[in-house]
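Summary of structural features
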Amino acid sequence: MEPKPRGWASEYAAWFDEDSVVARYDARPPYPAQAFAKLAALVVDEPHAVLDAGCGTGELARGLAPVVGRVDAVDRSTAMLAKGRTLPGGAAPNLRWIHAELEDVPLDPPYALVVAGESVHWFDWPRVMPKLAGALSEGGVLALVYRDWLGATELRARLAPVYARHGANPDFVALDPIRELERRGLLDRLGDYQTDREPWTPTIDELLACHHSQNGFVIEKMRDPVAFDREVIAVADELIPKSAGRFELDVTATITWGRPR
């Protein structure tokens, strides 16, 4: 099988263990409410169990727990899981936090839904995709969730060279993980959904924290995070409307679901 893109290698995934990332992870824009409604609608088989694969602080797990039977939230980072337990919904009685590599963890199938929120590109695909295929119920699906707050805008175009100059991951290439999975014969796509856009109004500190929660901009790995922040602020101040000290942005989420192979 063709190797996974180098920019998604395990050594880069380990950067999410850095204290700076964990501290800033919940500065990312929240998933729109429609995303949770769509994911809940994909849960059709009993016992309505969900696996959140690579859960981070469990935003999807915590949001789904009130509307499904059980959620198993798996992540390799003890710090991410510890923070997730302290966040709203983190103590739900039907939410199980599991510290493990997804590739090695003993699962408790069948799952009516496996959800991966901005995480599938970090997995060892030849090991994980067959494992998830075997863990799904007869009507269960794998749902891959990504959010976007830039859109096809001048803001994205102006930030692109800033990202290119300062990105810490030297192997990063902008590829679509879902297409890469399909191209390797590891995913049979069954459907796609995009939410409406919802307002996101971060302060400048929250906007910068959102960036530094992402793999390419981990503070401990960057050459000059101060210069990066300065350039992001300059672009944001020029292009993003602001009210009462907060930028006026919006966020959407896309959900692609299918059967792993």
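Our subject is the structure that appears above.
1. Some points on the overall build of the chain
Counting its secondary structure elements, the chain contains 10 helices and 10 strands. Its C-alpha atoms give the chain a radius of gyration of 18 Å, near enough to 18 Å, the size a compact globule of 261 residues would have. In terms of its C-alpha atoms, the chain occupies a principal-axis envelope of roughly 50 × 40 × 30 Å. Burial status across the chain gives 53% buried among its 261 residues. Residue pairs at least 24 apart in sequence account for 80% of intrachain contacts in the chain once pairs closer than 6 positions are excluded. Charge separation in the chain, taken as the distance between the mean sites of 29 positive and 39 negative side-chain charges, equals 2 Å.

2. Things to note about the packing of aromatic side chains
If you walk through the whole model with that rule in mind, you get eight aromatic pairs. Ring centres of Tyr 163 and Phe 228 lie 6.4 Å apart, and the angle between their planes is 35°; on these two criteria the pair is classed as tilted. Placement of the pair is Tyr 163 in helix α7 (residues 154-166) and Phe 228 in helix α10 (residues 225-239), with a sequence separation of 65 residues. Here the guanidinium or amino end of Lys 38 rests over the ring plane of Tyr 193, the centre of that ring lying 5.6 Å away. Sitting above the plane of the Tyr 31 ring, Arg 147 keeps its charged end 4.0 Å from the centroid.

3. Thoughts on unusual backbone geometry
Cis peptide bonds are those with omega within 30 degrees of zero, and the linkage from Glu 46 to Pro 47 qualifies with 10°. Turning to its location among the elements, Pro 47 is positioned in the loop between α3 (33-41) and β1 (49-53). Note the cis peptide between Pro 109 and Pro 110, where omega equals 10°. Position of Pro 110 relative to the elements: it lies in the loop between β3 (95-99) and β4 (111-117). One non-glycine residue with positive phi stands out, namely His 48, at about 55°. Within the element layout of this structure, His 48 appears in the loop between α3 and β1. Here Ala 244, not a glycine, exhibits a phi torsion of approximately 55°, which is positive. With relative accessibility at 82%, the residue Ala 244 sits in the exposed group.

4. Observations concerning the pairing of strand β10 (residues 249-260)
For β10, a buried count of nine out of 12 residues is recorded, marking the element as mostly surrounded by other parts of the structure. Taken together, the seven bridges between strand β5 (residues 136-148) and β10 define a ladder with antiparallel strand orientation. Of the residues in β10, the one forming a bridge with Arg 147 is Ala 253. Judged from the seven bridges that link them, strand β6 (residues 187-194) and β10 form a sheet pairing that is antiparallel. When the bridges of β10 are listed, Asp 188 appears paired with Arg 259. As judged from the three bridges shared by strand β7 (residues 198-200) and β10, these two strands associate in the antiparallel manner. When the bridges of β10 are listed, Trp 200 appears paired with Leu 249.

Rules and cut-offs
- Per chain, residues are indexed from 1 in the order of the written sequence.
- With the structure being a predicted model, the display of local features is reserved for residues of pLDDT at least 70 and the display and counting of side-chain atom pairs for 80 or more, all residues being used for whole-chain, interface and lining totals.
- Calculated side-chain values reflect all of the structure's heavy atoms, with hydrogen atoms and water omitted.
- Under the scheme used here, helices are H or I runs from DSSP no shorter than 4 residues and strands are E runs no shorter than 2 residues, and both carry numbers assigned from the N terminus.
- Only C-alpha atoms enter the radius of gyration; for comparison, a globular chain is expected to reach 2.2 Å times N to the power 0.38, where N is the number of residues.
- For every residue, the accessible area (1.4 Å probe, protein chains only) is compared with the maximum for its type, and the residue is labelled buried under 20%, exposed over 50%, or partly exposed between those bounds.
- Working rule for contacts: check all heavy atoms of both residues, and any pair within 4.5 Å makes them a contact.
- In this tally Asp and Glu are treated as negative and Lys and Arg as positive; neither His nor the chain ends contributes.
- Each charge is placed at NZ for Lys, CZ for Arg, CG for Asp and CD for Glu.
- Stacked, tilted and edge-to-face are the three classes applied to pairs of Phe, Tyr and Trp rings, where Trp contributes its six-membered ring and a pair requires centres within 6.5 Å; stacked means planes under 30 degrees apart, edge-to-face means over 60, and tilted covers the rest.
- When the NZ atom of lysine or the CZ atom of arginine is within 6 Å of a ring's centre and also within 35 degrees of its normal, the charge is said to sit over that ring.
- A pair of strands is considered paired only if DSSP assigns at least 2 bridges between the two.

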